[in-house]
Amino acid sequence: MSNNTTTMGKVLITLTIINRADQIRVKDGTIPVSKVRSVTLKNVLVDTGATTLCLPPEIIAQLGLELLKEVDVSTANGISKAKIFQDAKILVGGREGTFECLELPGGRDALLGVIPLEALGLEPDLQKQTLRVLPSESVDTYLTIL
C-alpha cells in the first residue's frame, strides 16, 4: 500500500497552451513568431468531471484568448455563468488540438476535461497516475467513423 494517499487516483500533467489566433497571424505575416503567446502549466489536473479545458482568468489574459460567449455551467454550488474563450491550442502527450476553454473562478487551478482528452486520444490511467496515449494507427486506432 502506498504512503501517498493524497494523490491516489489523480492524474497531473504538464500542458502547453498556445494562442492559435497568434499562430494564424504569423502565417499571414501580421506578427513575428516571437509574438505568439503561450504558457506551459505544470500539475494540471486531468478531470473527467469537467467537459473541456478550464483555465483561470490570469492564464486566459496572458494568452490573450478571445471571448466567444457566456454560458450557464453546472458546478458543485449549482448553476452559474461562465465565459468561453476560443483558439486555445493545447499540446499534451505528443498530441495537439485547438479547443474552446472555460474561464474558472479566480484562484482555481487549470483542468483538462473529457472533450480534449477524447479528441486527442488520451485516457487517464488512475492506477499509474499518467495519461495513456491511445493508438492512432492500425486496427487499434481510437478514431472511428461508424
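Residues numbered from 1 in each chain as written. Predicted model: local features only at pLDDT ≥ 70, side-chain atom pairs only at ≥ 80, totals over all residues. Heavy atoms only, no water.

A few words now on the overall build of the chain. The helix and strand tally for the chain stands at three helices and nine strands. For the chain, the sequential pattern of α-helices and β-strands runs β-α-β-β-α-β-β-β-β-α-β-β. For the chain, buried positions account for 32% of its 146 residues. Of the roughly 9,200 Å² that the chain leaves accessible, carbon and sulfur atoms contribute 52%. (Helix = DSSP H or I, 4+ residues; strand = E, 2+ residues; numbered from the N terminus. Buried < 20%, exposed > 50% of the residue type's maximum accessible area, 1.4 Å probe, protein only. Areas by Shrake-Rupley, 256 points an atom, 1.4 Å probe, with all protein chains shown as cover.)

Here we come to the nonpolar core. If you look at the biggest cluster of nonpolar residues, it comprises 26 residues, and the most contacted ones within it are Ile13, Ile17 and Leu55. Every element with two or more residues in this core is listed here: strand S1 (12-19), strand S2 (38-46), strand S3 (53-55), helix H2 (57-63), strand S5 (78-92), strand S6 (95-103) and helix H3 (114-120). Residues within four places of Ile17 in sequence aside, it is in contact with Arg37, Ser38, Val39, Leu41, Leu55, Leu63, Ala88, Lys89 and Ile90. (Core = buried A, V, L, I, M, F, W, Y, C linked by side-chain atoms within 4.5 Å. Contact = heavy atoms within 4.5 Å.)

So, on to helix H1 (residues 20-27). Structurally, the start of H1 carries an N-cap: the backbone nitrogen of Ala21 is 2.9 Å from a side-chain oxygen of Asn19. Looking at the residues trailing H1, positive phi occurs at Gly29, about 85°. (Polar contact = N/O pair within 3.5 Å; in protein donor to acceptor, adjacent residues only side chain to side chain.)

Further remarks concern the confidence of the model for the chain. Per-residue confidence for the chain gives a mean pLDDT of 87, with 87% of residues at or over 70. Confidence drops under a pLDDT of 50 for residues 1-6, and excluding neighbours within four residues, the segment shows zero contacts in the predicted structure. (pLDDT = per-residue confidence, 0-100.)

Once that is clear, we can look at the side chain of Arg95. With respect to the helices and strands, Arg95 occurs in strand S6. Only 2.5 Å separates the side chain of Arg95 from the backbone oxygen of Leu134, close enough to count as a polar contact.

This next bit is on the environment of Arg25. Considering the arrangement of structural elements, one finds Arg25 in helix H1. Residue class for Arg25 comes out partly exposed when judged on its relative accessible area of 32%. Sequence separation of Arg25 and Val36 is eleven residues, and the distance between their C-alpha atoms is 8.7 Å. Contacts of Arg25, omitting those with residues within four sequence positions, involve Thr30, Ile31 and Arg37.

Turning next to unusual backbone geometry. Unlike most non-glycine residues, Asn43 shows phi in positive territory, near 60°. Within the secondary structure layout, Asn43 lies in strand S2. The backbone of Asp87 sits at a positive phi, close to 70°, despite the residue not being glycine. According to the relative accessible area criterion, Asp87 is partly exposed, its value standing at 26%.

Right, let's talk about the pattern of salt bridges for a bit. Under the criterion given, the structure shown has six salt bridges. Note that Glu96 and Lys89 form a salt bridge whose closest N and O atoms lie 3.0 Å from each other. The class for Glu96 is partly exposed, based on a relative accessible area of 47%. In this structure, Arg132 and Asp125 form a salt bridge, with 3.0 Å as the shortest nitrogen-oxygen distance. (Salt bridge = Lys/Arg side-chain N within 4 Å of Asp/Glu carboxyl O.)

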